[in-house]
Amino acid sequence: MAANCPMLQTGRGQHYQWLAHACELVSQHRRSCCPGAAGQALVFCRMLVSFSIVVLGLCCGGGDSDELSLGRPKLFGPSEALVTEIESFICEVPIHPQNESILLRLFKEGDRTNVLGEYTSMRGEIGVIPKKIQLSHEGYLECVASVQNNSAISPTVSQTHNLKVIEPVKGAQITPSGPVELFEGGEVELQCRLSAGNHVSFMWLRDGQIISSSLIPADDSFVISRATVKDSGSYTCVATNSFNNTKVFNTSSPELHVTFKARVSNPDISFTVLKESYQSYFCVISCQSSKGTPPIRFSLFNGTDLVSNVTVQQRRATFKVPVVLDQHLGLFQCRATNSNQTSSSLWMPLEIVPVGGPVTMRYNYDVAENYEVIFLRLYCKPDRGSHPRFQWYLNKYPLHDRGSFYYVFNQLPGQSILVVSVGKVSAGIYHCEVSDSFDNSTVINSRKRYLDRKVLNHIPVLVAAVVFGSFSVIVLLVSACCAAGVAFRRKRNIETSLLALEMEQRATVCEDELELSIYSEDVVTAEEAEFDHASADSVDEWTQFDEKMLDEL
């Protein structure tokens, strides 16, 4: 039985293959031992070959055996490859028949119709199959070995080899699912589309700040839901992939500006009256919303009638309306819209009443723990007027807004309040005057009043009279109660004395009657009867006297 050691030259170095009767020796018995090895290694190789010849002689049979076999091929190659790059795949058949040419072909698993590459091994050498990588090559590859011109030997298939194909990313572009200008609460989906690239991860930025970094390669979209104005900005997507964790490819999309507009809020309505000329007045009605993205269209209504409308680039609009004093001009309302939704203000009656009637001034105060007045509040109020202007005076000098010892607080349109800290500088004559804010031709003054610390802390005569009168009434009530108590006690003592006397007399009579009943005879004489009658009359008279005394008391 012959054994030989052919040397195969491949791109991965020298490869040695021991054969015996065209049967390859098992892999654990193969060594890099050929002529030229050192002494001990050569002896070991020869002993190993002799042992292998014996074993294979039993397994493969002699040269006369008709049974030939083809070993299972082995496939080697890169696990990752860049698209359009040329990579080499190595397919070797460890066990193959002698003097037979072996056809090695490269397929994708499950698809034998498309040959990716092939190599013919004439003497059992390793097959090197170069291939220009395409995206379709990604997946599991396999090598199929078959003997040419000998259908008696069945083809064999290698184990699968997984290939990951990397295509660098490029051409990122954001595609929105709808309009990029919408109102708060809306929703829009942004999708990052690529002209090339696979195995991609995405990162989203708004105004240059990262807002989402996806860990899922297929997540190429970003959804903005329940949006607010804060979600407005310039959006960018960054796509990234890598090759063998050494080369990193990325591409950024152009910025896409997305605007979320705030719906306009219910406007506030107010007005200011102005004098245009003599006896000619007009008012400026203001409509203002606290929220809303311009442009905003404001409309002014008087009842159901449209007065005017205007579109502005701010959240405030004004309307000029002529007015007549002392007349009710209707109910006015502002309406605002910047979308398909309209916001409305409250209804406002419009009536301009000039000041008139007397102006009253009153005051109250706060006291300290010692009951001394420390703060004074003066109130100024006209009898009528829808737009009054107030002015306070101390000793004919006007008091404006705030000073060292006072401040003015206007409760328009009803009244004005002057708060004063009582002291030496606050002493003097106070009064207020009222005029129309839109016309100073009519001025009405209140009565003047002198106020200082002494006046404020002086007890009024009326208060003193009330206090003294109340004290006197209390004294009289206490005296009356005492007199009634004495009379009641005297009456009770007399009643007690009379009752005791009556009880004593009755006890004496009872004793006399008891003695007579014991020692006297049963028959009563006429004289005795007459005496008893007289005694009874005497007792009746005494009883009547007692009752008369009680009645008098």
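Nothing here was measured: the structure is a model prediction, and the numbers come from that model. (Residues numbered from 1 in each chain as written. Predicted model: local features only at pLDDT ≥ 70, side-chain atom pairs only at ≥ 80, totals over all residues. Heavy atoms only, no water.)

Here we come to the packing of aromatic side chains. For any pair of aromatic rings, the description rests on two quantities: the centre-to-centre distance and the angle between the ring planes. One pass over the structure, following the stated rule, counts 4 aromatic pairs. Ring geometry for Phe222 and Tyr235: centres 6.4 Å apart, planes at 35 degrees, overall tilted. In this pair, Phe222 is assigned in strand S20 (residues 221–224) and Tyr235 in strand S21 (residues 233–243), connecting sequence segments 13 residues apart. Three or more aromatic residues link up through ring pairs in this structure, and these residues are Trp204, Phe222 and Tyr235. The ring of Phe301 carries the charged tip of Arg335 above its face, separated from the ring centre by 3.9 Å. Taking the ring centre of Tyr379 as reference, the NZ or CZ of Arg362 above it sits at 4.2 Å. (Phe/Tyr/Trp six-rings, centres within 6.5 Å; stacked < 30°, edge-to-face > 60°. Helix = DSSP H or I, 4+ residues; strand = E, 2+ residues; numbered from the N terminus. Lys NZ or Arg CZ within 6 Å of the ring centre and 35° of its normal.)

Note that strand S6 (residues 74–76) and strand S8 (residues 86–92) share 3 bridges and pair antiparallel. Bridge pairing links Phe76 to Ile90 in S8. Here S8 pairs with strand S11 (residues 127–132) via 6 bridges, running antiparallel. Across the sheet, the residue bridging to Glu87 is Lys131, located in S11. (Pairing = 2+ DSSP bridges.)

This next bit is on the pattern of salt bridges. Between side chains of opposite charge, a pair can form as their charged atoms come close. The final tally for this structure, using the stated rule, is 9 salt bridges. Between Lys261 and Glu181 there is a salt bridge, with its nearest N and O atoms 3.7 Å apart. One end of the pair, Lys261, is in strand S23 (residues 256–261); the other, Glu181, is in strand S16 (residues 181–183), and 80 residues separate them in sequence. (Salt bridge = Lys/Arg side-chain N within 4 Å of Asp/Glu carboxyl O.)

If you walk through the whole model with that rule in mind, you get 4 disulfides. Between the sulfur atoms of Cys380 and its disulfide mate Cys432 the distance is 1.9 Å. Residues Cys380 and Cys432 are joined through a disulfide that is right-handed, its torsion about the S-S bond being 75 degrees. Pair noted here: Cys380 is in strand S33 (residues 373–384) and Cys432 is in strand S38 (residues 428–436), with a separation of 52 residues, a long-range link. Given the relative accessible area of 0%, Cys380 is considered buried. The class of Cys432 is buried, set by a relative accessible area of 1%. Sulfur of Cys481: no disulfide; nearest cysteine sulfur belongs to Cys482 and is 6.9 Å away. (Disulfide = S-S within 2.5 Å. Buried < 20%, exposed > 50% of the residue type's maximum accessible area, 1.4 Å probe, protein only.)

With that settled, the discussion passes to the environment of Arg316. With respect to the helices and strands, the residue Arg316 is situated in strand S28 (residues 316–323). With a relative accessible area of 39%, Arg316 lands in the partly exposed category. It is 9.7 Å that separates the C-alpha atoms of Arg316 and Arg297, two residues lying 19 residues apart in sequence. Those residues in contact with Arg316 that lie beyond four places of it in its chain are Ser286, Cys287, Gln288 and Phe298. Here Ser286 takes part through its side chain, which lies 3.3 Å from a polar atom of the side chain of Arg316. (Contact = heavy atoms within 4.5 Å. Polar contact = N/O pair within 3.5 Å; in protein donor to acceptor, adjacent residues only side chain to side chain.)

Quick look at the sheet that holds strand S36 (residues 406–411) now. In space, the 4 strands of this open sheet follow the order S32-S33-S37-S36, with antiparallel pairing throughout. At either end of the open sheet lies a strand with only one pairing partner, and these are strand S32 (356–367) and S36. Strand-to-strand twist in this sheet, taken as the mean axis angle between neighbours without regard to direction, amounts to 15 degrees. Note: S33 against strand S37 (residues 415–421), 6 bridges, orientation antiparallel. (Axes fitted to C-alpha atoms, helices over the stretch in contact; angles between N-to-C directions.)

Here the focus is the pairing of strand S39 (residues 439–445). Both S38 and S39 contribute to a ladder of 4 bridges, which runs antiparallel. Each residue of the ladder has a partner; that of Val434, found in S39, is Ile444. Taking the residues that link successive antiparallel strands as the turn, the S38-S39 hairpin has 2 residues.

So, about the sheet that holds strand S25 (residues 280–288). Overall, antiparallel pairing links the 3 strands, which are arranged S24-S25-S28 in an open sheet. Each end of this open sheet is capped by a strand with a single partner; those strands are strand S24 (268–277) and S28. Recorded for the sheet is a direction-independent mean angle of 25 degrees between the axes of neighbouring strands. As judged from the 9 bridges shared by S24 and S25, these two strands associate in the antiparallel manner. Among the inter-strand pairings, Leu274 is bridged to a residue of S25, identified as Phe282.

So, about the side chain of Ser386. With respect to the helices, strands and loops of the structure, Ser386 is situated in the loop between S33 and strand S34 (388–394). Reaching out from Ser386, the side chain makes a polar contact with the backbone nitrogen of Val353 at a distance of 2.8 Å. Here the side chain of Ser386 touches His387 through a polar contact of 2.9 Å, side chain to side chain. Leave out the neighbours within four places in its chain, and Ser386 touches Glu351, Ile352, Val353 and Pro413.

Confidence in the prediction for the chain averages 80 pLDDT; 77% of positions are at 70 or higher. Confidence over residues 1–67 falls short of pLDDT 50; this stretch has 81 contacts with residues more than four positions distant or in other chains. Low confidence marks residues 518–536, where pLDDT is under 50. Its contacts with residues over four positions away, or in another chain, come to 2 contacts. (pLDDT = per-residue confidence, 0-100.)

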